[in-house]
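What the coordinates show
Residue strings, one per chain:
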Amino acid sequence: MIFRQLFDAASSTYTYLLGDGGEALLIDPVYEQVPRDLALLDELGLRLLATLDTHVHADHVTGAWRLHQRCGSAIAVAQAAGAELADRPLRHGDRIAFGTRHLEVRATPGHTNGCLTYVLDDRSMAFTGDSLLIRGCGRTDFQQGDPRQLFASVREQILTLPDACLLYPAHDYRGVTVTSVAEERLFNPRLGGDVDAGDFVGYMNNLNLPHPKLMAQAVPANLRCGRPEGDAPPLDMPDWAPLTLRFSGIWEIAPMALLEHAAAVQIVDVREESEFIDRLGHLAGARLVPLSQLPQRLDELDRERPVVAVCRSGVRSAQACTLLGKAGFGKVANLAGGMLHWHAEALPVECGTGEV
């Protein structure tokens, strides 16, 4: 089974990818991170069957609708949440299959009325959303939250799993990535040890926390499963050329696509001068700016025109793309496979000194 834990720094949200037999599920996808998730699915050769939200989030917008638009993936969320556009309203005891594996749905309300925990078939891991955080839990003072109900949910549906079961929350604000049933049963200061329902209710009713900053925007959007108001389609792809986003965060352009769009872009070759005129040659109209000189020569480039970086194999040019992006260039791509890939497709080159 393929398992990946992904992170959105803006909201401290974890997204989880599970794959088996070429099929995949995404738990708690984030709207802004959809291009990243699509790139990973593509690189791993996985078809997204469904997105699963653990609850209606108040601190970020789900990527469920956006992924559905791109992949045709089902949108799964608790029936109790009452969200529009959900293809698969989930209830306690449902199973969600992918490949030869499946997740069991457990209702764990209390943080919100529609909280779910997803348990892997062999009970080796569970995805708890905000019902149980690492040494903590979700608040209970909005979205039909109920501390007594949350205490029962965690004690009866999560902490009854095997001791070694790994627990993966929807958030962590300290950078901790995983815990276990045994750890939380012993060390969770709100829900573990000898804490009883009265202790927990008294604690939760006196947190006095401000509401999440994005709550007014996120909750209505998530009740639409992340669909923007007015159904405006999101711009996933730069419009200046057909590009592919790699999981590394680098946009790439294929050799033939670059040949077709060469007149509209700036081609920057970041190899050394000796390589620029060696047997691989260089692309027509390419400007030679060795990677070591690029930070000092940024002013030679037009920030309004797209830039395509080129090197022998695509490694140094990928680094150049990162540098250009950090310097404020908004339209940047890497030539996929570099000059080696260009030659493999028998595309034209020049062997003179070119533009330096």
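Details of the structure are given in the entry above.
Residues numbered from 1 in each chain as written. Predicted model: local features only at pLDDT ≥ 70, side-chain atom pairs only at ≥ 80, totals over all residues. Heavy atoms only, no water.

1. What about the overall build of the protein?
Quick note on the threshold: Strands here are runs of E lasting at least two residues and helices are runs of H or I lasting at least four, both read from the DSSP assignment and numbered beginning at the N terminus. Remark: exposure states derive from per-residue accessible area (1.4 Å probe, protein chains only) relative to the maximum for the residue type, with buried under 20%, exposed over 50%, and partly exposed in between. The criterion used for residue contact is that any of the two residues' heavy atoms lie within 4.5 Å. Where accessible areas are quoted, they stem from the Shrake-Rupley method and a 1.4 Å probe; at the residue level, only the protein chains shown are allowed to cover. Neither His nor the chain termini are counted; the positive set is Lys and Arg, and the negative set is Asp and Glu. Charged groups are reduced to one reference atom each: NZ for lysine, CZ for arginine, CG for aspartic acid, CD for glutamic acid.
When you go through the protein residue by residue, the secondary structure sums to ten helices and 18 strands. Looking at the protein residue by residue over its 356 residues, the buried ones come to 51%. In the protein, of all internal contacts separated by at least 6 residues, the share reaching a separation of at least 24 is 64%. Carbon and sulfur atoms make up 51% of the accessible area of the protein, which amounts to about 15,700 Å² in all. Measuring between centres, the 32 positive side-chain charges of the protein sit 2 Å from its 45 negative side-chain charges.

2. Thoughts on the nonpolar core
Selection criterion: Note on terminology: a nonpolar core comprises buried Ala, Val, Leu, Ile, Met, Phe, Trp, Tyr and Cys residues joined through side-chain atoms within 4.5 Å.
Judged by nonpolar contacts, the single largest core of 31 residues is most densely connected at Leu 18, Ile 27, Leu 52, Leu 103, Tyr 118 and Phe 127. In terms of residues, this core owes the most to one element, strand β5 (residues 74–78), which gives four residues. When near neighbours in sequence (up to four residues on either side) are disregarded, Leu 18 contacts Met 1, Ile 2, Phe 3, Glu 23, Ala 24, Leu 25, Ile 27, Phe 98, Leu 103, Leu 120 and Phe 127. Counting 20 residues, the second largest nonpolar core, distinct from the first, contains Phe 276, Ala 286, Leu 288 and Ala 333.

3. Section: unusual backbone geometry
The residue Asp 28 is not glycine, and still its phi comes out positive at about 55°. You can see Asp 28 is positioned in the loop between β3 (23–27) and α1 (34–44). Under the relative-accessibility criterion, Asp 28 is labelled buried at 1%. Residue Arg 135 is not a glycine yet carries a positive backbone phi of 60°. Structurally, Arg 135 can be placed in the loop between β10 (125–129) and α3 (147–158). Arg 135 gets classed as partly exposed once you look at its relative accessible area, which sits at 28%.

4. Quick look at the sheet that holds strand β7 (residues 95–98)
For clarity, the threshold we go by: Whether two strands pair depends on DSSP finding at least two bridges between them.
The strand order β7-β8-β9-β10-β11-β12 describes an open sheet built from six strands, whose pairing is mixed. Across the chains shown, the open sheet's two edge strands, defined by having one partner strand only, are β7 and β12 (179–180).

5. Some details on the pattern of salt bridges
Definition in use: Put simply, a salt bridge is a Lys or Arg side-chain nitrogen that is within 4 Å of an Asp or Glu carboxyl oxygen.
This structure, assessed with the given rule, holds 16 salt bridges. The residue Arg 101 makes a salt bridge to Asp 121 at a minimum N-O spacing of 2.7 Å. Here the residue Arg 101 occupies a position in strand β8 (residues 101–107), and Asp 121 occupies one in the loop between β9 (116–120) and β10, the gap between them amounting to 20 residues. Across the pair Asp 141 and Arg 139 runs a salt bridge, and its minimum N-O distance is 2.8 Å. Arg 139 gets classed as buried once you look at its relative accessible area, which sits at 12%.

6. Considerations on the environment of Val 154
Here Val 154 shows up in helix α3. On the accessibility criterion, Val 154 (0% relative accessible area) is buried. With 37 residues separating them in the primary sequence, Val 154 and Thr 117 have C-alpha atoms 9.6 Å apart. Discounting residues that sit within four places of it in the chain, Val 154 has contacts with Ser 131, Leu 132, Leu 159 and Leu 191.

7. Observations concerning the sheet that holds strand β13 (residues 244–245)
What counts, and what does not: Orientation is described by axes fitted as lines to C-alpha atoms, over the contacting stretch for helices, and by angles from 0 to 180 degrees between their N-to-C directions.
If you walk across this open sheet you meet the six strands as β13-β14-β18-β17-β15-β16, and the pairing is mixed. Strands with a single pairing partner mark the edges of an open sheet, and in this sheet they are β13 and β16 (287–288). Direction of pairing for strand β15 (residues 266–269) relative to β16: parallel, over a ladder of two bridges. Residue pairing for β16: Asp 269 is matched across the bridge by Leu 288. Across the sheet, helix α9 (residues 315–326) is in contact with β17 (307–310) and β18 (332–335); its angle to β18 comes to roughly 175°.

8. Details of the environment of Leu 159
Mapped onto the elements of the fold, Leu 159 is located in the loop between α3 and β11 (166–169). On the basis of relative accessible area, Leu 159 is assigned to the buried category, the value being 6%. Leu 159 sits 71 residues away from Arg 88 along the chain, and the two C-alpha atoms are 27 Å apart. With residues up to four places along the chain from it excluded, the contact list for Leu 159 reads Leu 132, Val 154, Val 181, Glu 184, Arg 185 and Leu 191.

9. Brief notes about the pairing of β10
Across the five residues of β10, five count as buried, placing the element largely inside the fold. Every second residue of β10 is oriented toward a common face, with Met 125, Phe 127 and Gly 129 on one face and Ala 126 and Thr 128 on the other, all of them buried. Two strands pair when backbone bridges link them, and β9 and β10 are joined in this way by two bridges, in the antiparallel orientation. Across the sheet, Tyr 118 pairs through a bridge with Phe 127, a residue of β10.

10. Considerations on helix α5 (residues 197–204)
Convention followed: It is the directions from the helix axis to the C-beta atoms whose arc is reported. Two N or O atoms count as a polar contact when they lie within 3.5 Å, although within protein this holds only if one can serve as hydrogen donor and the other as acceptor, and sequence-adjacent residues are included solely when both atoms are side-chain atoms.
Restricting attention to buried positions, one finds in α5 the residues Phe 200, Val 201 and Met 204. Along the long axis of α5, the arc covered by the buried residues comes to 95°, so they all point the same way. Where α5 is buried, its residues touch α3. Put simply, Asp 196 is the residue that caps the front of α5, since its side-chain oxygen is 3.2 Å from the backbone nitrogen of Gly 198.

By themselves, these observations are geometric and do not establish any function.
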